[in-house]
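This is what each chain is made of:
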Amino acid sequence: MFTKLKTDLKLNTIFPILLLGVFPLLNAQVLPDLTPKTPSTNQFTNYSKNNYGSPVNSALHTTNQKVRNQLLIAEVERNMQEQKLREKQAQTLINDALDSFSKNYSLPSYGNKVGASYYRRAFEKLQNMSSSDFSIKKAIFTIENAFYEETNSYDEFDTTIKQTGDFLREKMTELGYDSQSNLAKIFLLFQFFSDTLQIRSKNVKHLPLTYDFNDYMGKDDWSKMFVKKLLETGKGQCNSLPQLYLILAEEIGAEANLALSPNHSYIKFQDDQKWKWYNVELTNGMLTTDAFILQSGYVKAEALQNKIYMHPLSKKQLQSHLTMNLALGYIQKFGYDEFVNEMISNALTLDPSNAQAYQVKSNYATIKVKYALDKLGIGKENFDEIKKHPMAIQLYKNMIAQYKIVDKLGHQEMPPDEYQRWLASVKEESNKQQNIELKTKLNTKILLNNND
Amino acid sequence: MIKKKLFILVLFLSISLWSQDQNKLYKDTLEQLNCMLKDSCQLSFKKAVISVENAYYNNRLDTIGFNFEINRLSSFTKSMVDHIKLKYQGRDSLKVKKYAALFSVVIDTIPIADKDGVMYEYIPYTYDFEDIWGLKNWDFMFVSKLLETGKGNCHSLPYLYKILAEEIGADAHLAIAPNHIYVKHQNEIDGWYNTELTSGIFPNDAWLMASGYIHLDAITNKMYMEALTDKQSVSMCIIDLAQGYNKIFPDNNGEFVMRACQIALQYYPHYINGRILQAETKKKIFEKEVKKDFDVFTKEVSEDDYLRLQFLEIQHEYVSIHESGYRRMPEKMYLDWLTSLKKERKKYENKKITNPEKSN
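Throughout this document, residue positions are counted from 1 along each chain, in the order its sequence is written. For naming, the first written chain is A and the first written ligand is 1, with later ones following in the order written. Since the coordinates come from a predicted model, pLDDT governs what is reported: local features require at least 70, and pairs of side-chain atoms require 80 or more to be given and counted, while whole-chain, interface and lining totals use all residues.

Describing the overall build of chain A
Right, so step 1: Going along the chain from the N terminus, every DSSP run of H or I of four or more residues is numbered as a helix, and every run of E of two or more is numbered as a strand. The helix and strand inventory of chain A stands at 18 helices and eight strands.
Right, so step 2: Put simply, chain A has 452 residues, and 31% of those count as buried.
Right, so step 3: In this description, any two residues whose backbone-derived C-beta atoms lie within 7 Å of each other are considered to be in contact. The contacts in chain A between residues at least 6 apart in sequence include a share of 67% that link residues at least 24 apart. Any residue with 12 or fewer other C-beta atoms within 10 Å of its own C-beta is exposed, any with 20 or more is buried, and the rest are partly exposed; the C-beta atoms used are placed from the backbone.

What follows is the structure, given as structure tokens:
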């Protein structure tokens, strides 16, 4: 009995060697292990049924060379055919899974809900705006009007902006600022947001715009995020204030960029020589240093290296950011569906390092996994069941991968109360001092320019 | 008289032979490190550090003693890994345990009981505020000095940490800040976080960035605060080697240092110390050539085509270094900044990462 086993073992080891040749042996220089090992169960190969069961038709059992060769060839062919059959079966299994997936796992659409079609239309409009004739005024109006189901009048909005532009232009003349200087325009605009501006000849006055602490993330009322609300009430937050700033900058032909930091957005601009960048913190109407933004403690070096924070956004990046604004509005109003994914993809094509888009994408991926698991009836207690559903596993892996991307970009979640504390710290003495210094510096620059 | 002359001759010869020996040793060491970078030899940070220090000591570094100490420390660290308890709950907690043990061995005072139950205290390594940049004694930067005296600086402490990490099979990334080296780790829950060995704190990135001592561009350009790979770390060793060479042979012709810079910058092109050393060496060579041909720097120099191009190249290099965000930091400013971490601990401490010894 035992001897039989031994010969079989020998045949089994010789066989692959014959087929593969001696090449692998030359490559693997395995040194003999000299220390004797205590045998354990798994060291012995399991020679159960399959070794006995199949009638040993092995080619090596006949002495005739020719017959032996023929048998060998036949055996190889048979093996190949079996392999093919197995592959075919696997493929049909995968195809089945794919079919059932596309039917069952894609999120239910909100497309039929009242108001959803306005978002589709707004998305199309945004997509059709090319970077060359991109107007932030139009884009923001489109986004906000989708929320209001296109009940607002563009002309009305346009008139308000134009009138404000006239006011600013007039003030420029009154102050004797150089109408060609970008710095002068930007600085006046900054004063428009942070100080009381008056045109004496006409007796018009504009009060500073203020920060609205109430529901500043638009959790209860999404319209709190809007420029429309800011224009109506004179109060805004870190989304609407910089957006209005950009709209007015566009109106008076000034150049300024939006920049992002954790949970926050602000304005960056350059002096006329393009030597130095300045930051405008509109929520408190102050000029700030980079150090102030970094002091939040939530900007990682990786985020700077990947340019997701504190970097002036280009036109394309701004478009990408606004597309996500639209998407967030849709999510707030309806929820996640495949249309959200469409908007995310578009935003990522415009700006492949849009961290917010990746964040929303990982949320979308999570919701998708939850949906699929619900459909399959898998919960925490029977999570192992997921192994039976390759597409669900795929979704799960995709979700993990999404979170990894967000991590890798250097994004770090900033808790809302930490955010509030940081934003309030702008009123600290050192920051106030810096604000005054920067203001004086810019003012001198503008006045010096005027005298040239 | 002849005897005296002969004696002087012999002395002179032996000195020149001796320095020739060290010159060769430096060249061999450079090739050895280059071999690691080229993947022709196995990369070992420990070996790299030992060979750099041994070259400085002209082959008289007690490598056996060095290795013995490292082995002792790494087996101590390994036993710490088995006993440490963490609040950390991520799936990669074994890895994080290793990081915590490494930190304790380098920084913490650890009570140890021997087999009879007698308590001992393990005394950690401390920061030496004297001659922090090795201006008077270059070997103040060395790990061997740290092992011998128990005192180190922002060069030797993270190097020792990295060596021990390598020994116990954990990954540790060196990272640089102006005149400073610290350690970066990554775990599943917190992402990247910093380990600061000179003060034994886990500071958040704001400590470095908001300090006002680093230009934002320098971070964006990865000059600072980048988690370095092993090859980049060996490139740093090569620049250390070249700097040591300059200390031993102050009047060298710059050839060796240029070659070292060239190799190091091939694998770590934006290494600021390498770029500066290269620019300085080019300047040195340029000045020597000017002195040889013109004696003093006059207008005629700029009429010499070769020298003019050299000058422009050097100038271009300095401008490019400045533009990438580099600013020199005086020693006093550096010390202020380093101690600011302890003073403003609350502000800059990463609250999610805490010292295992103190949190339990």
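Some points on the interface of chain A and chain B
Right, so step 1: Counting from both sides, the interface comprises 14 residues of chain A and, opposite them, 14 residues of chain B.
Right, so step 2: For the side of chain A that touches chain B, the elements supplying multiple residues, two or more each, are α11 (290-294) and α12 (301-305) of chain A.
Right, so step 3: Top contributing element to the side of chain A that touches chain B by residue count: α12 of chain A, with four residues.
Right, so step 4: Of the residues contributing to the side of chain A that touches chain B, the split by class is five nonpolar, four polar and five charged. Ten residue types, Ala, Val, Leu, Ile, Met, Phe, Trp, Tyr, Cys and Pro, are classed as nonpolar, four, Asp, Glu, Lys and Arg, as charged, and the remainder, Gly among them, as polar.

A few points about the sheet that holds strand β6 (residues 180-187) of chain B
Residues and elements named next belong to chain B.
Right, so step 1: Only strands joined by at least two bridges in the DSSP assignment are considered to pair. Here three strands make up an open sheet; going across it, the order is β5-β6-β7 and the pairing antiparallel. The sheet is open, and its two edges are formed by β5 (173-177) and β7 (191-195), each paired on a single side. Taken over all neighbouring pairs, the strand axes of this sheet differ in orientation by 40 degrees on average, direction set aside.
Right, so step 2: Across five bridges, β6 lies against β7 in antiparallel orientation. Its bridge partner lying in β7, Q186 is registered against W192.
Right, so step 3: Note on method: axes are straight lines fitted to C-alpha atoms, helices fitted across the in-contact stretch only, with angles between N-to-C directions ranging 0 to 180 degrees. Set on the sheet, helix α6 (residues 156-168) makes contact with β5 and β6; between it and β6 the angle comes to about 35 degrees.

Here's the deal with the sheet that holds strand β8 (residues 286-288) of chain A
Residue and element names in this part refer to chain A.
Right, so step 1: The strand order across the open sheet built from four strands is β5-β6-β7-β8, with neighbouring strands paired in antiparallel fashion. Lying at the two open borders of the sheet, with one neighbouring strand each, are β5 (257-261) and β8. Looking at each pair of strands side by side, their axes are set apart by 40 degrees on average, direction ignored.
Right, so step 2: Both strand β7 (residues 277-281) and β8 contribute to a ladder of three bridges, which runs antiparallel. Paired with E281 across the strands is M286, a residue of β8.

Side note on the environment of L168 of chain A
Residue and element names in this part refer to chain A.
Right, so step 1: Locating L168 in the fold gives a position in helix α7 (residues 154-175).
Right, so step 2: Judged by local crowding, L168 falls into the buried class, with 21 C-beta atoms found within 10 Å.
Right, so step 3: Taking C-alpha positions, L168 is 9.3 Å from L197, a pair spaced 29 residues apart along the chain.
Right, so step 4: Leave out the neighbours within four places in its chain, and L168 touches L188, L189, F192, L248 and I252.

As for the packing of helix α3 (residues 63-83) of chain B against helix α4 (residues 93-107) of chain B
Residues and elements named next belong to chain B.
Right, so step 1: Orientation of α3 relative to α4, taken along the N-to-C sense of each, is 130 degrees, at an axis distance of 9 Å. The orientation of α3 relative to α4 falls into the category oblique. Regarding α3 and α4, the two cross each other, and that crossing is right-handed. Contact with α3, carried on its side by L73, F76, T77, M80 and V81, involves K97, K98, A101, L102, S104 and V105 of α4 and no other residues of that element.
Right, so step 2: Taken together, the residues of the contact of α3 with α4 sort by class into seven nonpolar, two polar and two charged. Note that the term roughly parallel is reserved for angles under 35 degrees, roughly antiparallel for angles over 145, roughly perpendicular for angles of 65 to 115, and oblique for everything else. Take the far helix as your reference; a near helix turned counterclockwise from it by less than a right angle gives a left-handed crossing, and one turned clockwise gives a right-handed crossing.

Some remarks on the pairing of strand β2 (residues 119-122) of chain B
All names here are of chain B.
Right, so step 1: Pairing between strand β1 (residues 110-113) and β2: four bridges, direction antiparallel. From the neighbouring strand, A113 faces β2, where its bridge partner is M119.
Right, so step 2: Hairpin remark: β1 followed by β2, antiparallel, with five residues in the connecting loop; positive phi at G117, about 85 degrees.

Brief notes about helix α14 (residues 331-343) of chain B
Because an α-helix completes one turn every 3.6 residues, residues spaced three or four positions apart along the sequence face the same direction.
Residues and elements named next belong to chain B.
Right, so step 1: A helix is expected to reach a length of 1.5 Å times the quantity of its residues less one. With 13 residues, α14 should cover 18 Å at 1.5 Å per step; its first-to-last C-alpha distance of 18 Å lies within 8% of that length.
Right, so step 2: Buried within α14 we find W337, L338 and L341. End-on, the buried residues of α14 take up no more than an arc of 95 degrees, which puts them together on one face. Opposite the buried face of α14, by more than 90 degrees, sit the exposed residues K332, L335, K342 and K343.
Right, so step 3: Looking at the packing, one finds that the buried side of α14 touches α7 (205-209) and α15 (345-348). Comment: arc refers to directions from the helix axis out to C-beta atoms.

Remarks on unusual backbone geometry
Right, so step 1: The phi angle at K274 of chain A is positive, at roughly 60 degrees, despite the residue not being glycine.
Right, so step 2: By the element assignment, K274 of chain A lies in the loop between β6 (264-270) and β7.
Right, so step 3: With a phi close to 50 degrees, N58 of chain B is a non-glycine residue in the positive phi region.
Right, so step 4: Take N58 of chain B: it is sitting in the loop between α2 (45-56) and α3.

Topic: the confidence of the model for chain A
Residue and element names in this part refer to chain A.
Right, so step 1: A score from 0 to 100, pLDDT tells how confident the predictor is in each residue. On average, chain A scores 82 in pLDDT, and the residues at 70 or more come to 83%.
Right, so step 2: Low pLDDT, under 50, characterises residues 1-33; the predicted model gives this stretch five contacts beyond four residues in sequence or across chains.
Right, so step 3: Confidence drops under pLDDT 50 across residues 48-56; counting only partners more than four residues distant or on other chains, this segment forms two contacts.

Here's the deal with the nonpolar core
Side chains that are nonpolar tend, in soluble globular proteins, to be buried together.
Right, so step 1: Of all hydrophobic cores here, the largest spans 174 residues; its most connected members are L189, Y245 and L326 of chain A together with I238 and L241 of chain B.
Right, so step 2: Residues within four places of L241 of chain B in sequence aside, it is in contact with Y26, T29, L30, L33, V52, A55 and A260 of chain B. A set of buried residues drawn from Ala, Val, Leu, Ile, Met, Phe, Trp, Tyr and Cys, joined through C-beta atoms within 7 Å, is what defines a nonpolar core.

Let's talk about the packing of α2 of chain B against helix α9 (residues 230-248) of chain B
Residues and elements named next belong to chain B.
Right, so step 1: With their axes 9 Å apart at the nearest point, α2 and α9 run at an angle of 5 degrees to one another. Classified by the interaxial angle, the pair formed by α2 and α9 is roughly parallel. Together, F45, A48, V49, V52, A55 and Y56 of α2 and D230, S233, V234, C237, D240, L241, G244 and I248 of α9 make up the contact between the two elements.
Right, so step 2: Grouping the amino acids of the contact of α2 with α9 by side-chain chemistry returns 10 nonpolar, two polar and two charged.

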